[in-house]
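Architecture at a glance
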Amino acid sequence: MYIIPYIFILFGGVLTIFSKFSLNSARFLFLISLLPSFFVVILRGNIGVDTEAYESIIEYYILTGECRVEPLFCLISEPIYSLVNRSDFTLRIITAIFCILFYFSFFKTKNDIIVACLFIF
């Protein structure tokens with residue numbers, strides 16, 4: 001399931017390396033190549049043990065006010081949960097926020113974009 005989005009990212013990195021794109025064009029290509037993987041990561045559903053564990057952390061924290069692990073995660077999830085009232089939506093929103101942060105962390109130079117594409121793959 002993840003291989004096709006990863007191929008998009010690798011293809012974007014290779015295009016950026018071997019082309020004379022401007023920085024803005026490289027940024028746009030990087031965004032387009034990341035979108036399929038972002039959709040898979042954000043909308044993947046209840047796959048694996050981490051998804052269920054993080055949803056239970058959110059539910060436990062909201063019900064008890066006690067955060068047993070990852071206090072920053074609990075602090076981030078509380079205001080989001082108050083808006084959507086569902087732990088699965090809260091987790092997806094947090095994932096989307098981190099995807100956006102990932103994109104902007106490799107946004108500065110063309111070399112950063114190339115490194116990010118190759119690092120992901």
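A brief structural summary.

1. Details of helix α1 (residues 3-17)
Between its first and last C-alpha, α1 extends 21 Å over 15 residues, near the 21 Å set by a 1.5 Å rise per residue. Here α1 has its buried residues at Pro-5, Ile-9, Gly-12, Gly-13 and Thr-16. Projected down its long axis, α1 shows its buried positions confined to an angular sector of 95°, all on one face. For α1, exposure combined with an orientation more than 90 degrees from the buried face picks out Ile-3, Ile-4 and Phe-11.

2. Concerning empty space enclosed by the protein
Per the counting criterion, the structure on display carries 1 cavity of 30 Å³ or more. As a volume, the largest cavity reaches approximately 40 Å³. Together, Val-41, Ile-42, Arg-44, Gly-45, Thr-51, Leu-91, Arg-92 and Thr-95 line the largest cavity. Those elements that place two or more of their residues in the lining of the largest cavity are α2 (23-42) and α5 (87-105). Element by element, the count of residues in the lining of the largest cavity is highest for α5, at 3 residues. Considering only residue class, the lining of the largest cavity consists of 3 nonpolar, 3 polar and 2 charged.

Rules used throughout
- Residues numbered from 1 in each chain as written.
- Predicted model: local features only at pLDDT ≥ 70, side-chain atom pairs only at ≥ 80, totals over all residues.
- Heavy atoms only, no water.
- Helix = DSSP H or I, 4+ residues; strand = E, 2+ residues; numbered from the N terminus.
- Expected span 1.5 Å × (residues − 1).
- Buried < 20%, exposed > 50% of the residue type's maximum accessible area, 1.4 Å probe, protein only.
- Arc of directions from axis to C-beta.
- 1 Å grid on protein atoms, 1.4 Å probe; cavity = no way out; pocket = protein on both sides within 12 Å on 5 of 7 lines; lining within 4 Å.
- Points joined across faces, edges and corners; volume = space filled by probe spheres on them.
- Nonpolar A, V, L, I, M, F, W, Y, C, P; charged D, E, K, R; others polar.

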